[in-house]
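Working through the structure, step by step
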Amino acid sequence: MHRMIKALSTILVGSTLLTSPAWAETPPNMLVVGFSMSNILTLDPAAITGKETVQVLANIYDNLVGLDAVNRAQVNPQLAESWSVSPDNTAITFKLRSGATFASGNPVTSADVVWSLKRLLTLNLAQASFLKTHGFTAANAEQSFTAPDETTVVITLPKKVDPEIIVQTLGIVGPGSVLDSKVVMEHDKAGDLGSAWLTNNSAGSGPYTLGQWRSNERVILDRNESYWGEAPGMKRIMMRHLAESQSQRLMLEKGDIDIAYSMSAADLKALEKSDKVEVQTNGGSGFYYLAVSMKDEKFQKPKVREALRYLIDYQGLNDTVLPYFGRLRDRPIQTGLFGALPNAGYKLDVEKAKALLAEAGYPDGFSTTLRAISDAPFMNAATAIQATLAQGGIKAEIITGSGDQIYGAMRERKYELLVGRGGGGQLPHPDSNLRAIVYNPDNADEAKLTNFQGWRTAFYDEKINSMVDAALVETDKAKQVKDYEAIQTYYADVLPAIQPFAEVVDSVGYRADIKGLALNPSWSTRLRTVTKER
Amino acid sequence: MNNARFSAFGRQAGTILVTLIGLLILTFCIGRLMPVDPVRAIVGEEADRATYEMVAERIGANLPLYQQFFKYVSDLLHGDFGVSIRTGQPVINDILHVMPATIELATFAIIVGAGLGIPLGILAAVRRNKPVDHVIRFLTLIGHSMPIFWTGMIGLIVFYAALDLVGGGGRVSDYYIGLVPETTGFLLIDSMLAGDWEVFWDAVNHLLLPASILGYSSMAYITRMTRSFMLDQLNQEYVTTARVKGLSKSRTIWHHAFANIRVQLVTIVALAYGSLLEGAVLIETVFSWPGFGQYITNNMLVGDMNAVMTCVLLVGVIFIGLNLLSDALYKIFDPRTR
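Residues numbered from 1 in each chain as written. Chains lettered and ligands numbered in written order. Predicted model: local features only at pLDDT ≥ 70, side-chain atom pairs only at ≥ 80, totals over all residues.

Selection rule: UniProt positions are given in the numbering used here, feature names are shortened, and annotations may be inferred rather than shown by experiment.
With an unreviewed UniProt entry as reference, chain B is termed ABC transporter permease, source organism Ferranicluibacter rubi. Note on chain B: under the UniProt heading Sequence similarities (unreviewed entry), the record states "Belongs to the binding-protein-dependent transport system permease family." Under the UniProt heading Subcellular location (unreviewed entry), the entry covering chain B gives this text: "Cell membrane".

**Concerning the overall build of chain B**
Selection criterion: Each helix is a run of DSSP H or I of at least 4 residues and each strand a run of E of at least 2, with the numbering of both proceeding from the N terminus. Any residue surrounded by 20 or more other C-beta atoms within 10 Å of its C-beta is treated as buried, while 12 or fewer makes it exposed and the intermediate range makes it partly exposed; C-beta atoms here are placed from the backbone. Our contact criterion uses C-beta atoms placed from the backbone: two residues qualify when those atoms are within 7 Å.
Helix and strand counts for chain B stand at 14 helices and zero strands. Per-residue burial over chain B gives 46% buried out of 338 residues. Partitioning the intrachain contacts of chain B with sequence separation of at least 6 by distance along the chain shows that 71% fall at a separation of at least 24.

**Quick look at the sheet that holds strand β5 (residues 91–96) of chain A**
Residue and element names in this part refer to chain A. What counts here: Here a strand pair is declared whenever DSSP counts at least two bridges between the two strands. Between N-to-C directions, angles cover 0 to 180 degrees, with each direction set by a line fitted to C-alpha atoms, over the stretch in contact for helices.
Spatial ordering of the open sheet is given by β4-β5-β7-β6, a layout of four strands whose pairing is antiparallel. Edge positions in the open sheet fall to β4 (80–85) and β6 (145–149), since each of these has one partner strand only. Between one strand axis and the next, the sheet turns through 20° on average, direction left out of account. Relative to strand β7 (residues 152–156), β6 is paired through three bridges, and the arrangement is antiparallel. Bridged to Asp149 within β7 is Thr152.

**Regarding the UniProt feature "transmembrane region" (unreviewed entry) in chain B**
Residue and element names in this part refer to chain B. In this numbering, the UniProt entry assigns the feature "transmembrane region" (unreviewed entry) to residues 12–34, 105–126, 138–163, 203–222, 265–287 and 307–330. The span residues 105–126 is 100% helical and 0% strand by assignment, and the distance between its end C-alpha atoms comes to 31 Å. In the segment residues 138–163, helix accounts for 88% and strand for 0%; the C-alpha atoms at its two ends are 25 Å apart.

**Some details on the interface of chain B and chain A**
The line we're drawing: Polarity classes work like this: nonpolar for Ala, Val, Leu, Ile, Met, Phe, Trp, Tyr, Cys and Pro, charged for Asp, Glu, Lys and Arg, and polar for all others, with Gly in that last group.
Across the boundary between the two partners, chain B contributes 55 residues, which contact 55 residues of chain A. Every element with two or more residues in the side of chain B that touches chain A is listed here: α2 (38–43), α3 (49–59), α6 (131–145), α7 (148–162), α9 (197–234), α12 (281–286) and α13 (292–301) of chain B. Top element by residues in the side of chain B that touches chain A is α9 of chain B. It accounts for eight residues. For the side of chain B that touches chain A, a count of residues per class yields 30 nonpolar, 15 polar and 10 charged.

**Quick look at the confidence of the model for chain B**
Interpretation of the predicted coordinates at a detailed level should be avoided for regions scoring low in pLDDT. Put simply, the test is: pLDDT expresses how confident the predictor is about each individual residue, on a scale running from 0 to 100.
Mean pLDDT for chain B: 86, with 98% of residues reaching 70 or above. Across the whole predicted complex the pTM is 0.86, and at the interface the ipTM reaches 0.80.

**So, the packing of helix α19 (residues 462–473) of chain A against helix α20 (residues 477–494) of chain A**
All names here are of chain A. Formally: Angular relationships are summarised with four words: roughly parallel below 35 degrees, roughly antiparallel beyond 145, roughly perpendicular across 65 to 115, and oblique for the angles in between. Put simply, a crossing is left-handed when the front helix is turned counterclockwise from the back one by less than a right angle, and right-handed when it is turned clockwise.
The contact between α19 and α20 brings their axes to 9 Å, and the two run at 165°. On the basis of the axis angle, α19 is roughly antiparallel to α20. Both α19 and α20 take part in a crossing whose hand is left-handed. In contact with Ile464, Met467, Val468, Ala470 and Ala471 of α19, α20 contributes Gln480, Asp483, Tyr484, Ala486, Ile487, Tyr490, Tyr491 and Val494.

**Considerations on unusual backbone geometry**
Even without a glycine there, the phi angle at Arg413 of chain A is positive, about 60°. Relative to the elements of secondary structure, Arg413 of chain A occurs in the loop between α16 (403–411) and β16 (417–422). Residue classification places Arg413 of chain A among the partly exposed residues on the basis of 17 C-beta atoms within 10 Å. Within the chain, Asn129 of chain B stands out as a residue other than glycine whose phi angle is a positive 65°. Turning to its location among the elements, Asn129 of chain B is positioned in the loop between α5 (91–126) and α6. Taking the number of C-beta atoms within 10 Å as the measure of exposure, Asn129 of chain B has 9 and is therefore exposed.

Structure representation (structure tokens):
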């Protein structure tokens with residue numbers, strides 16, 4: 001080992017004597033952000049899929065409204081300076097601010113907003129589902145989105161729904177991103193509405209423009225010098241593909257990058273000790289959960305599902321496996337959203353679980369399988385749950401695989417137990433959680449409603465469906481809050497197929513001299529406010 | 001005579017063609033048997049059925065497998081390598097971008113590997129069972145058996161983080177990105193052409209560590225092979241005869257024994273270079289090196305078969321090319337093959 005280092009250092013020292021010394025830190029007017037970019041497949045806001053892409057586009061495109069970084073339920077003006085809901089709750093009218101321009105210099109008009117929304121539904125790609133859920137389709141887009149004048153956008157709701165959730169939807173990157181229709185249509189190819197061009201070009205009005213995207217290498221964002229709002233602090237943002245957590249940590253410690261987004265818990269923990277680096281944790285979207293398949297006759301028995309609830313070591317998992325990734329949560333609505341009840345306080349209770357299993361007809365437990373993605377923290381959580389299940393007599397064999405394998409099995413409804421992550425939450429509205437985690441409008445195999453985790457688990461409860469639907473259209477706010485509280489209580493009683501044990505949080509490490517970094521939930525952080533204090 | 005030569009050439013071309021087709025079929029089967037879903041990669045976890053089916057139709061993933069295969073091959077014959085799902089770019093453009101990064105890395109590595117490996121191998125053979133042989137064998141054993149991502153990580157910690165001798169991940173420091181025009185894609189050449197020596201030295205600084213570590217690992221292999229080839233020769237009777245005849249030791253070694261192993265050495269160096277060009281995915285990942293290995297692996301992981309098949313085809317062509325090259329070198333080194 002020593003010899004190897006010696007041999008290597010001889011080679012290296014010999015050759016590096018020739019080279020110039022490296023800079024000690026990143027340039028003062030450039031922010032360097034490192035994360036794994038393997039999941040970035042396109043930069044077209046209508047087609048994006050992962051949070052990595054959201055992190056890029058949040059800085060390029062403006063929305064009508066913006067979601068508050070701290071107070072999740074709050075919606076702030078962005079391109080729209082105000083909005084109002086019609087008395088009968090069927091239409092929302094947005095008033096655009098004057099003077100906002102796209103990076104091209106074109107003014108932001110109501111026509112651009114309407115065009116962007118229609119484009120989203122016409123292309124019908126990944127991000128369209130946010131609006132399709134609420135009844136918007138390519139066919140009704142013409143009536144749903146109108147621009148009576150240059151600065152007014154009217155959205156007519158195709159079906160009865162809480163208008164607030166629509167306003168929030170327009171605040172998230174993807175469905176709400178406003179595109180420069182003139183520039184995009186100049187690059188329309190065979191009616192693709194500019195999709196091919198937007199894969200690696202941008203046409204937004206945000207604080208930065210896309211300079212360059214090199215797949216698995218880097219994204220360069222350049223300051224939009226004609227940005228209509230407060231001038232961005234950094235001239236350039238360099239986002240670098242750094243697949244390895246260890247590399248991110250080394251480069252962050254050395255000052256070669258300013259912010260590291262996808263580090264492992266071990267590396268984040270090690271960085272807590274450094275005085276040059278700080279760690280910030282903020283709420284994310286969705287939950288970590290244990291899911292059962294209702295296709296399996298054992299799990300059809302409520303007593304068995306209840307027993308499982310007491311065979312999870314909630315506190316232990318959150319103390320050992322989930323720091324930096326999750327925060328203890330056992331209810332199906334994320335904390336901070338309106339109507340969210342405090343935790344039910346479930347605890348590991350082996351005796352109670354054993355009694356329940358005996359009542360269900362399994363005094364000696366049973367054997368089953370437990371699926372989990374082979375990455376952290378899923379694998380560790382699955383191992384911990386396997387151990388507590390064993391205490392109750394349930395022998396669970398762990399099956400690991402890639403995301404495609406694990407969630408693929410769930411989509412096929414061919415699994416028994418599964419540790420997963422999901423459950424909506426991109427919108428700060430309880431409906432976003434509930435619809436993803438428990439709602440299931442049609443339980444038939446042929447329905448293939450794979451976008452609902454409720455369907456994937458084959459859990460069907462008419463009452464909870466109608467409660468979720470009713471709460472969403474309730475216009476009396478106080479009543480709506482009560483409705484969501486009632487759903488959570490009912491959720492606890494009806495023992496659905498998914499039991500959350502934590503809600504997702506995101507953690508980033510950054511250099512201590514970086515000021516103004518306010519993490520937004522779900523990687524939608526706007527880096528406009530970031531400056532360096534040196 | 002001409003006819004015979006022509007048919008020999010025809011046979012060779014036929015073999016190459018069959019090899020490439022076999023390679024394509026095998027890759028396609030493996031790629032499709034893998035539990036990855038390119039459509040899911042595009043539409044994401046939350047997409048509904050309608051979106052899924054629309055995208056499947058657009059990229060042709062709804063067709064039966066054999067039709068997908070024939071479509072790829074027929075496009076290929078028209079000179080169309082397809083568009084990568086993952087990058088949205090024509091695959092050929094992607095490859096032209098990632099290949100120079102890998103070639104820079106591999107070439108530097110093979111210079112280290114062969115430049116040190118061959119002399120060390122000969123030295124070890126000549127001083128068989130002497131201390132220097134043990135040291136060399138120990139070094140090569142480590143180089144051969146240590147996982148390269150671990151060596152890479154240790155290298156980063158020691159030479160980048162602790163000693164500050166070399167650059168970290170990537171081909172060049174951030175503040176130099178985009179400063180020199182991409183003429184050839186080879187950063188070292190481009191920066192020389194632009195006369196920007198700061199960028200040149202920074203690129204060298206970033207290249208040194210990953211290339212040395214790759215070079216160390218291929219050095220280990222080349223040294224061990226050279227040693228065993230050489231020992232084989234040194235044990236032959238002609239060596240004893242030559243020495244008895246009064247030929248000096250160095251002349252015996254270099255003019256006779258070494259001359260006889262040149263052909264074998266060419267083969268192993270060519271193969272080692274080939275496997276470096278194929279991409280050292282682990283080193284590329286550890287050093288965030290945007291090369292061919294990462295490209296092919298990431299595309300494999302999302303089932304981007306246009307890109308994967310074209311890459312595999314390229315790897316096949318590289319190996320065939322290197323084989324032809326080493327055949328040509330045989331003819332120079334070994335009169336019997338002429």
